[in-house]
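Residue-level structure breakdown
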Amino acid sequence: MVKYLKSIKYLFIALLLTQLTGCGINTIPTLDEQVNADWAQVQNNYQRRADLIPNLVATVKGYAAHEKDTLTAVTEARAKVSSMQVTPETLNNPAAFKKFEAAQGQLSGALSRLMVVSERYPDLKANQQFIALQAQLEGTENRIAVARRDYINAVKAFNTEIRTFPGRLWHWAMYSDLKIKPNFTATTANADVAPKVEF
């Protein structure tokens, strides 16, 4: 009889463990890891952009030495972005997250001004090295946009899971150390207003 009760006990434990694996207990850590992976991809693309900038600046310098202010702004913005320490804790600190995003926005603005410089110099636009670098930079900006979109979707899934049933119960019981993740916001002033195009 004792053997029979032990067998039933082990069978019950095995059945309980089987039920727990399918009830969503692993959903929150899985979504958290997806957020972290998507954030790493955003950083990867930011790094790619930062690596391309010195080559682009050097190419433009050869053609537009007197556009020093624009080149200095790009170089300083890149240096500011490169000097920021981004850790996994950045995702849990809204202030640090906003600071990092502001630095990235400043770099994007400086790069936009650099592209305007290229419009002033037809020889520069025809230079094969510049064309290749510009294409790489434009491709990188597109990759950043895609990586940010993926991150936004991952944050949405994670935040929704820990705020709705049954994920809210699992969050309360087992994962209360995981906080709601911050999301991207527009870093450019009046980004919600359509720009006027004048010729």
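Keep in mind that what you see is a predicted model, and the values were worked out from it rather than measured.

Reading guide: rules and limits
Residues numbered from 1 in each chain as written. Predicted model: local features only at pLDDT ≥ 70, side-chain atom pairs only at ≥ 80, totals over all residues. Heavy atoms only, no water. Helix = DSSP H or I, 4+ residues; strand = E, 2+ residues; numbered from the N terminus. Contact = heavy atoms within 4.5 Å. Core = buried A, V, L, I, M, F, W, Y, C linked by side-chain atoms within 4.5 Å. Buried < 20%, exposed > 50% of the residue type's maximum accessible area, 1.4 Å probe, protein only. Arc of directions from axis to C-beta. Salt bridge = Lys/Arg side-chain N within 4 Å of Asp/Glu carboxyl O. Phe/Tyr/Trp six-rings, centres within 6.5 Å; stacked < 30°, edge-to-face > 60°. Lys NZ or Arg CZ within 6 Å of the ring centre and 35° of its normal. Lys, Arg positive; Asp, Glu negative; His and termini not counted.

Let us now look at the overall build of the chain. A tally of helices and strands in the chain yields 7 helices and 0 strands. Traced from its N-terminal end to its C-terminal end, the chain shows the element sequence α-α-α-α-α-α-α. Pairs at least 24 apart in sequence give 79% of the contacts found in the chain among residues at least 6 apart.

Before going further, it helps to spend a moment on the nonpolar core. Counting residues in hydrophobic clusters, the biggest one holds 38 residues, and the most contacted among them are Trp39 and Tyr151. When contributions to this core are tallied by element, the ones reaching two or more residues are α2 (27-63), α3 (68-83), α4 (94-120) and α6 (128-163).

When we look at burial in helix α7 (residues 167-174), the residues that qualify are Gly167, Trp170 and His171. For α7, the angular spread of the buried residues around the axis is 100°, confining them to a single face. The exposed set on the far side of α7, more than 90 degrees from its buried face, consists of Arg168, Trp172 and Ala173.

Summed over all chains, the structure comprises 4 salt bridges. Of the charged contacts in the structure, one is a salt bridge between Glu141 and Arg49, with a shortest N-O distance of 3.0 Å. Placement of Glu141 in helix α6 and of Arg49 in helix α2 is noted, with a sequence separation of 92 residues between them. Among the salt bridges present, the one from Asp150 reaches Arg149, with a minimum N-O distance of 3.1 Å. Looking at Arg149, the relative accessible area reads 45%, which means it is partly exposed.

It is worth spelling out unusual backbone geometry at this point. Between Phe165 and the following residue, Pro166, the backbone shows a cis peptide bond with an omega angle of 5°. Turning to its location among the elements, Pro166 is positioned in the loop between α6 and α7.

The subject of this paragraph is the packing of aromatic side chains. This model, assessed by the stated rule, comprises 5 aromatic pairs. Seen in terms of ring centroids, Trp39 and Phe100 are 5.6 Å apart; in terms of plane orientation they differ by 70°. Their pairing is edge-to-face. One end of the pair, Trp39, is in helix α2; the other, Phe100, is in helix α4, and 61 residues separate them in sequence. When sorted by exposure, Trp39 lands in the same class as Phe100, which is buried. Cluster of aromatic residues (ring-pair linked, three or more members): Trp39, Tyr46, Phe97, Phe100 and Tyr151. Across from the ring centre of Phe158, 5.3 Å away, lies the NZ or CZ of Lys181, which sits over that ring.

Moving on, we come to the side chain of Asp38. Structurally, Asp38 can be placed in helix α2. Despite its burial, Asp38 pairs with no opposite charge; the closest candidate is Arg149, at 9.0 Å N-O.

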